[in-house]
Amino acid sequence: MAPIETKNLEKHWLNYWEKEKIYSFDRNSKKKIFSIDTPPPTVSGEMHIGHAYSYSQQDFIARFKRMSGFNIFYPFGTDDNGLPTEKLIQKLKGVKSKDFSREDFISLCLKTLKEITPEFVQGWKDIGISCDYDLYYSTIDGNSRKISQKIFLELYKSGLIYKADFPTLWDTEFQTPVAQAELEDKEKESLFTTIKFQADGKILPIATTRPELLPACLAIFVNPKDKRYKQLIGKQATVPIFNNKVPILADTHADMEKGTGALMICSYGDKNDVEAVKKHNLPPKIIITKDGKINVPGYELPIKEARARILEDLKNRDLIIKQERVKHVTNVYEKSGKEIEFLPVEQWFIKILDKKKKLIEQGKKINWYPEHMQKRYENWIHGLEWDWSISRERHFGIPIPLWHCKACNHVIPAKPEELPIDPVQKEKFCNKCGAKAEPETKVLDTWATSSLTPQIASSLANNKIKLPYSLRPQAHDIIRTWAFYTIVRSLYHENKIPWKDTIISGFVTLGGEKMSKSKGNIIRPKAITEESGADSLRYAAAASKLGEDSDYQEKDVITGKRFVNKIINASNFVFMNLKHQKKAKLHETDRLLLQQLNRTIDSATSAFEEYNYIKAKSEAENFFWKTFADNYLEIVKNRVYNGTKKEKESAFYTLYNSLLAVTKLMAPITPFITEEIYQQHFRKYEKEKSIHVSSWPKKISLSKRKEDDKVWNRMIEIITAARQAKSEAKKSMKAPVVLTLPKSDHKLLAKVLDDVKSVITAQEIKEGNFSIEFV
RNA sequence: GGCCCCGUAGUCUAGUGGCAAAACGACUCGUUUACACCGAGUAGUCAGGAGUUCGAUUCUCUUCGGGGCCACCA
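Residues numbered from 1 in each chain as written. Chains lettered and ligands numbered in written order. Predicted model: local features only at pLDDT ≥ 70, side-chain atom pairs only at ≥ 80, totals over all residues. Heavy atoms only, no water.

Peer 1: Give me the environment of aspartate 556: which residues, what numbers.
Peer 2: Mapped onto the secondary structure, aspartate 556 falls in helix 15 (residues 554-577). The class of aspartate 556 is buried, set by a relative accessible area of 18%. Separated by 19 residues in sequence, aspartate 556 and leucine 537 have C-alpha atoms that sit 8.2 Å apart. What aspartate 556 contacts, discounting residues up to four positions off in sequence, is Ser536, Tyr539, Ala540 and Ala543. (Helix = DSSP H or I, 4+ residues; strand = E, 2+ residues; numbered from the N terminus. Buried < 20%, exposed > 50% of the residue type's maximum accessible area, 1.4 Å probe, protein only. Contact = heavy atoms within 4.5 Å.)

Listed below in structure tokens is the structure:
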């Protein structure tokens, strides 16, 4: 038969599933619930191959659990709240958010999202992700806003959220505070300049990569053990150009090996400066503006230009001792790529630093797949140095729902019934002093909402889904954000872990490299599905391991395509001759085949239970391809064509049940072709309207004998030997032979010898030393 | 600097304290009553060293190589 056309077939079943609501969560069912905290992808133009793989992988599990009798709660959300969306809209519409009022920009965002989201989500449907798309949320929709604000207020009341005004991680491009989790390392080349300070009438050399911060210099640190500078401790140094005096302090933080051993403290060059200022109680001088400029007279320029000018001035005044190019690593904001600054701004935090131990304990209660991902979670917590910054100075996001009374310094939270609310849109008066209150203008960071996906999703089903969810699937790069934050919120709000299990997926790379638009090495899932079908794509995804980045292998897709073709052909053969048999007295070979099937069902099932879809797939496929197609079908052909009524009945029964089982075992991986086969051939005998809501295969009850495996294996061994002999003799597989078997084999194989004889086209089977001779 | 993962055929991956496996590729054949998007067969592999063990690809240590997370980053 010609290769099958997957495109229309897949489209057909997609429509059928949607129309018949095959994947609907049943609110009234008494079945056990398996709940999945689906990752909401960030809305962008098109689904990425990494998405295609990781969502396929979680879908294998969802489908397996559905067939295993669970009521699947598998919602679908999109994350379209916050900076990434703001950036996307700016790009799509060619506008700048800061040119809009908050209200206007939000409505532009919402309008644009409405246009682009359906097509974006279609990508998930097209590869057969079996979410209940009626359980849909967006992290910016009214319901999400309400929940996010409500929980914010609850936390605020319980004292776990606080507002503080201190130096924080600041991105000058987006002009907003950012969280520790949003930082990335970037190696860059800088000029490392040694500058002449004056102290005690002598030159005090100080090396820096940030000379533009000279006007913000507050102190000089030297190591108390450093003999070079010991006598300077307690004295003052003069800052070049600006000629102000700053104290020289002893601090072990000054590393004698680095630079000149003397270190200037400025407000603020990096995190150490922040700590130093706090520790020594130095009065900060803030010279960096929110948009990344220096505000010192004569140097009112963007940071880099100010640096150049100050270096020029230093050079002109002969204040530079030496300059060298150095490579060093700096923190940049992951979304802008710009270096992070530290600016004192008012912002909101969720307390986490004092809960590290508890958070680690929570992590231990969750089953991580693979296990070692838990270490990454712990590692992150160990390294935390800041509370979780949740406020952003942006337009598009969920507003922080409160007002400040400047007159009496009182905070007025929104009332629960007012939510969701934008405080900017509503006038409030202080309930203490009666003065007009100022609305809080900051918005919540997107993670502050997406960390509530369990609560948001549950609200779509009348809050029927309780923590912990059964499963959280996600990628490893967001352990420190999404996983971590969700665990934080679940602990604070419900004193629970958010999920029992979490499966962590890896990335898909190409030639060992991360795919990116800038490199132009993107593989589009759509291109694969159009060429080879969604089943093939999913099949390839089933070959890549949890937790590990794996290279995109076209051969896996091709193998998937081959499988699809093979199973449809095998089904065609089986049903070409088959008369349905409810029961049959089993021929010995058939009984043995079904034993092998039972074993496969066992191992595939337990592999799926452990989220090992790779093994489940290969067990099912091995049985199908090797045992069933290559051997059993060949063995049984003779009986199907020429057998007695009883022999045929046994064969039909076995063919039907083993093919049905294999089709079901593969249904989670390749849902389209298995549905096609089910509907085309099995549906008239089976009651369920889709294979995907049919029951997971159970072992067929059979009589067992001790020697079963031995008989089956010996049988295959003989068949293989015969094939080998024919191949080596360059003869046709149908070449007649005479088989000679020792007496022990005659005894062992007595009941299956007729099948052996026909499959190897033996004219007769003699007794004696093992041999295969050509006639 | 701390922690973690990985190293198996030409390629990409399974796997186990006791015969090293599949797929793709290569090579040699075959085939028309499921399938040339096919079938059969052949060749080819545990990074190096040490230890534990009757026995190590598997466990331990170590070297080398690849990757990741975190910290540092004057």
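Here the narrative resumes, following the displayed structure.
Peer 1: Before we move on, can you summarise the sheet that holds strand 26 (residues 513-514) with the specific residues and values?
Peer 2: Here we have three strands laid out as an open sheet, ordered 26-25-27, and mixed in their pairing. Whereas interior strands pair on both sides, the edge strands pair on one side only; in this sheet they are strand 26 and strand 27 (550-551). Where strand 25 (residues 508-510) lies against strand 26, two bridges are found, and the strand directions are antiparallel. Considered in strand 26, the bridge of leucine 510 is made with glutamate 513. (Pairing = 2+ DSSP bridges.)

Peer 1: Requested: an account of the environment of aspartate 709, with residues and values cited.
Peer 2: Checked against the element boundaries, aspartate 709 lands in helix 20 (residues 708-728). Since its relative accessible area comes to 30%, aspartate 709 is described here as partly exposed. Note: C-alpha distance between aspartate 709 and isoleucine 352 (357 residues apart in sequence) is 58 Å. Excluding residues within four positions of it along the chain, aspartate 709 makes contact with Gln596 and Arg599.

Peer 1: Can you tell me about unusual backbone geometry, naming the residues and giving the values?
Peer 2: Geometrically, the link from serine 267 to tyrosine 268 is a cis peptide bond, its omega value of -10 degrees lying close to zero. As for its placement among the helices and strands, tyrosine 268 is situated in the loop between strand 12 (262-266) and helix 6 (271-279). Here the residue pair tyrosine 369 and proline 370 is connected by a cis peptide bond, since its omega of -5 degrees sits within 30 degrees of zero. When you line up the elements, proline 370 lands in the loop between strand 15 (367-369) and helix 9 (373-382). Its identity as a non-glycine residue notwithstanding, asparagine 409 has a phi of 55 degrees, on the positive side.

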